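Listed below, chain by chain, are the residues.
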Amino acid sequence: MTPFSYYQLYELHHAAVAPLRAAADAMKLALASPLNPFGQTPLGKNWSAGLELFERVTRRYGKPAFGLPTTLVGGTRVPVTERIVWQRPFCNLIHFERALDRPRNDPKLLIVAPMSGHYATLLRGTVEAMLPKHEVYITDWIDARAVPLSEGRFDLDDYIDYVISMLHALGGDTHVVAVCQPAVPVLAAVSVMEAKGDPYAPRTMTLMGGPIDTRMNPTAVNKLAEGKDIDWFRDNVVMKVPFPHPGFMRDVYPGFLQLSGFMSMNLDRHVTAHKEFFGHLVAGDGDSQTKHRDFYDEYLAVMDLTAEFYLQTVDTVFIRHALPNGTMMHRDVPVDPSAIRNVALLTVEGENDDISGVGQTEAAQRLCVNIPDDMRAHYVQPKVGHYGVFNGSRFRAEIAPRIGDFILTHNRPRPAAPEKARVTAEAKPKPAKPAAARAADTLEAIVLSAPKGAADDLKAITGVGPKLEQTLNAIGIFHFWQLAGLTAAQVEELDGRLAFKGRIARDRWVEQAVELAKESAAS
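What you see is a predicted model; the values in this text were computed from it and never measured.

Participant: So what exactly am I meant to see when it comes to the pairing of strand E2 (residues 76-88) here?
Facilitator: Every regular strand shows the same layout, with side chains that alternate between the two sheet faces. The pairing of strand E1 (residues 70-73) with E2 spans four bridges and is classified as antiparallel. Note on E2: the bridge partner recorded for Thr70 is Pro79. Linkage of E2 to strand E3 (residues 91-98), two consecutive antiparallel strands, is achieved through a turn of two residues.

Participant: I keep staring at the state of the cysteines and nothing clicks. Help me out?
Facilitator: What we call a disulfide is simply a covalent bond connecting the sulfur atoms of a pair of cysteines. Within this structure, the stated rule accounts for zero disulfides. With no disulfide partner, Cys180 has as its closest neighbouring cysteine sulfur the one in Cys91, 16 Å distant. By relative accessible area, which is 11% here, Cys180 ends up buried. Free of any disulfide, Cys368 has its nearest neighbouring cysteine sulfur in Cys180, separated by 18 Å. With a relative accessible area of 0%, Cys368 lands in the buried category.

Participant: Help me understand the sheet that holds strand E8 (residues 239-240), please; the structure alone is not making it clear to me.
Facilitator: Two orientations exist for strands paired in a sheet by backbone hydrogen bonds: parallel and antiparallel. An order of E8-E9-E10 is seen for the three strands of this open sheet, with the pairing classed as antiparallel. Unpaired on one side and paired on the other, E8 and strand E10 (305-306) mark the two borders of the sheet. Two elements, E8 and strand E9 (residues 251-253), share two bridges in a ladder whose sense is antiparallel. Across the sheet, residue Met239 finds its bridge partner in E9, namely Val252.

Participant: Where do I start with the sheet that holds strand E7 (residues 204-208) in this structure?
Facilitator: One open sheet holds the nine strands; their spatial order is E1-E2-E3-E5-E4-E6-E7-E13-E14, and the pairing between them is mixed. Here the strands that pair on one side only, and so sit at the sheet edges, are E1 and strand E14 (376-381). Between one strand axis and the next, the sheet turns by 25° as a mean value, whatever way the strands run. Bridge analysis of strand E4 (residues 108-112) against strand E6 (residues 174-179) gives five bridges, and the strand direction is parallel. Note on E6: the bridge partner recorded for Leu110 is Val176.

Participant: Would you explain the pattern of salt bridges in this entry?
Facilitator: Between side chains of opposite charge, a pair can form when the charged atoms approach closely. Evaluation of the coordinates by the stated rule reveals 26 salt bridges. Salt-bridge contacts for Arg145 lead to Asp304; the nearest nitrogen and oxygen are separated by 3.3 Å. Here Arg145 is found in the loop between strand E5 (135-141) and helix H4 (156-170), whereas its partner Asp304 is found in the loop between helix H10 (286-299) and E10, with 159 residues between them in sequence. Of the residues examined, Asp304 reaches a relative accessible area of 0% and is grouped as buried. For Arg402, the salt bridge is made with Glu398, and the minimal N-O distance between the two is 3.0 Å. Taken as a pair, Arg402 and Glu398 lie in helix H14 (residues 393-409) at a separation of four residues, close to a single helical turn. Classification of Glu398 as partly exposed rests on a relative accessible area of 26%. Overlapping salt bridges, with partners in common, bring together Glu55, Arg56, Arg59 and Asp297 in one network.

Participant: It is not clear to me how the confidence of the model for the protein should be interpreted in this structure. Could you clarify?
Facilitator: Detailed reading of the predicted model is not advised wherever pLDDT is low. In this model, the protein carries a mean pLDDT of 87, and residues with pLDDT of at least 70 account for 93%. Mean pLDDT values for the elements of the protein range from 47 in helix H15 (residues 435-440) up to 98 in E7.

Participant: Help me out: how do you make sense of the environment of Leu486 in this one?
Facilitator: Looking at the element boundaries, Leu486 is found in the loop between helix H17 (480-484) and helix H18 (488-496). For the pair formed by Leu486 and His292, sequence separation is 194 residues and the distance between their alpha carbons is 53 Å. Not counting residues within four places of it along the chain, the set of residues in contact with Leu486 comprises Leu443, Ile446, Val491, Leu494 and Val510.

Participant: Looking at this structure, how should I read helix H20 (residues 509-522)?
Facilitator: Along an α-helix, residues three or four positions apart point the same way, because every turn accommodates 3.6 residues. The end-to-end C-alpha distance of H20 is 20 Å, a good match for the 20 Å that 14 residues give at a rise of 1.5 Å each. Among the residues of H20, those classed as buried are Trp509, Val510, Gln512, Ala513 and Leu516. Looking down the long axis of H20, one finds its buried residues gathered within 150° of arc, a one-sided arrangement. Set apart from the buried face of H20 by more than 90 degrees, the exposed residues are Lys518, Glu519, Ala521 and Ala522.

Participant: When you look at H10 in this model, what are you seeing that I'm missing?
Facilitator: Here H10 is 14 residues long and its end C-alpha atoms lie 20 Å apart, about the 20 Å a rise of 1.5 Å per residue gives. In this structure, the buried side of H10 is in contact with helix H2 (42-57), helix H3 (124-130), helix H8 (255-265) and helix H9 (267-283).

Participant: Whenever I open this one, the nonpolar core confuses me. Can you help?
Facilitator: The nonpolar side chains of a soluble globular protein tend to be buried with one another. Within the largest apolar cluster, 116 residues are counted, with the highest numbers of intra-cluster contacts made by Phe96, Ile138, Trp141, Met205, Met208 and Ile212. Sequence-distant contacts of Ile138, that is, excluding residues within four places in its chain, are made with Phe66, Asn92, Leu93, Ile94, Phe96, Ile111, Ala113, Ala120, Leu123 and Val127. Judged by nonpolar contacts, the second largest core, of 20 residues, contains Ile446, Val491, Leu494 and Trp509.

Participant: What should I look at first to understand empty space enclosed by the protein in this one?
Facilitator: This model, assessed by the stated rule, comprises one cavity of 30 Å³ or more. Considered as a void within the structure, the largest cavity measures approximately 30 Å³ in volume. Val184, Pro211, Ile212, Thr316, Val317, His321, Ala322, Leu323, Pro324 and Met328 together form the lining of the largest cavity. Counted by class, the lining of the largest cavity contains eight nonpolar, two polar and no charged residues.

Participant: Explain the side chain of Thr126 to me, please; I cannot follow it from the model alone.
Facilitator: Among the secondary structure elements, Thr126 is positioned in helix H3. The buried category is assigned to Thr126, whose relative accessible area is 2%. Each residue touching Thr126, except ones within four places of it in the same chain, is listed here: Ile111, Phe390, Asn391 and Phe395.

Cut-off values and rules
- Just so you know, the residues in each chain are numbered from 1, in the order the chain's sequence is written.
- For a predicted model such as this one, the threshold for reporting local features is a pLDDT of at least 70, and the threshold for listing and counting side-chain atom pairs is 80 or more; totals across whole chains, interfaces and linings nevertheless cover every residue.
- To get the side-chain values, take all heavy atoms of the structure and skip hydrogens and water.
- Pairs of strands are assigned from DSSP output, requiring at least two bridges between the strands.
- Every helix listed is a DSSP run of H or I at least four residues long, and every strand listed is a run of E at least two residues long, numbered separately from the N terminus.
- Here, two cysteine sulfur atoms that lie within 2.5 Å of each other are counted as a disulfide.
- The buried label goes to any residue with under 20% of its type's maximum accessible area, the exposed label to any with over 50%, and the partly exposed label to all in between, with areas taken from a 1.4 Å probe on protein chains only.
- The angle between two axes is taken between their N-to-C directions and runs from 0 to 180 degrees, where each axis is a line fitted to C-alpha atoms and a helix contributes only its stretch in contact.
- We define a salt bridge as a contact between a side-chain nitrogen of Lys or Arg and a carboxyl oxygen of Asp or Glu at a distance within 4 Å.
- A score between 0 and 100, pLDDT records how confident the predictor is in each residue.
- Note on definitions: a residue-residue contact is assigned when non-hydrogen atoms from the two residues lie within 4.5 Å.
- Expected helix span is given by 1.5 Å per residue-to-residue step, counting one fewer step than there are residues.
- In this description, one arc is meant: the one made by directions from the helix axis to the C-beta atoms.
- Among buried residues, those of type Ala, Val, Leu, Ile, Met, Phe, Trp, Tyr and Cys that are joined through side-chain atoms within 4.5 Å constitute a nonpolar core.
- Using only the protein atoms, space was sampled on a 1 Å grid; points where a 1.4 Å probe fits but cannot get out form cavities, open sets with protein on both sides within 12 Å along at least five of seven lines form pockets, and lining residues are those with an atom within 4 Å of a point.
- Grid points are joined across faces, edges and corners, and a volume is the space filled by probe spheres set on the points.
- Three classes are used, and their members are as follows: Ala, Val, Leu, Ile, Met, Phe, Trp, Tyr, Cys and Pro are nonpolar, Asp, Glu, Lys and Arg are charged, and the others, Gly among them, are polar.

Below is the structure:
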């Protein structure tokens, strides 16, 4: 059976069960009618549950909506509007505009969603968590079966060009977050921009659960790719879009194949989830039903990828390991991560990630050798899998605040390094300070066991986010006046206890705290 007829068979099956699906839906509505007493019997409830289950497992799920009509900004609920600000045949760039009463100087954040089968709405939770304190933009990739052949090809090089073009459109004060698959093209795009001295390179780059080097802790997905050559993928998983889709006759990697691969990795879990859903329907457990529907409405909605993008990605990332091997090219130009010097790098991984194993994303830290130590950080989130890296309660409580703090820390042009002081022959060493003076220069001299009255909002200091405020409170710093009076020795000691060294001087905490302490005293 040829790939073309295989996709046609999938379409034929979907069309064949459409009347049965419609009949099942109609019967379920009849059983749900209050005028039908049979629907309330145990047998009727079982029938109704079975009919809904049949309808859902045979349905083709369309692209979900982001569904984020509002967000909370500074304690006030404000409307959010989705607006397309940049458009190409295979991608729209969506801006989540917040209807603010007063302008805010929030960091500009570009979230690059994965182009790996699911829609960008899979990152709904990521967008929701970052919206309150950021101007959020997200890449909304287009289903390849919906793009006519007349629009041309789209491969990995085009993907990198798209990222560069979006960063140009947004300006040089942008921060970029790449979730999963786009970690490689985003790192490549930033490498190319830095090598050219592009002023629109982002201020920070956050890579989350991405396959930078799949030789590290290879997962089942990685081993499958390594065990086949590129011709096997071309012959077995590339198919032509059937009629009547707009992309008729385009070569694609079908979304239903990608979904089958994802589900087969945890098939027992999905079977159990649907068995439990049947039980919840019979028992009338509305909350559990809603959670199941919300998750699978998103998870089962998939899109096709262009064959050239899929094959080039498999060959570059999973077979040849071109980026970590130093052989990756972008349109005949070498991709050299060592060219990155001015973009801060944060890598995030999940302890139980079964798609991008621990260490695969951190590999970017070893490739970007010329990023200063105070402009890089790595974090592994305990007890989360792949999807927990960018969604869920632990993402909201642990990962998103860290990303926000990292962005705030580097949300300004890096200051020029001060000139080294000249040392003359006449210079004399300073006499050592007495013990009492040395004691006064330690943090112990200013920290408190509890705030004096109400604690100040340390987040008012540029560069201090929620997580960093918690860290300062844990140390014993609750007030602006404590930071305003820091000596050079105390700054050095406090700096050594923070996750990102150098931020106190870089963000001028002491100077900011002096002004805020004056305002606090005046009020």
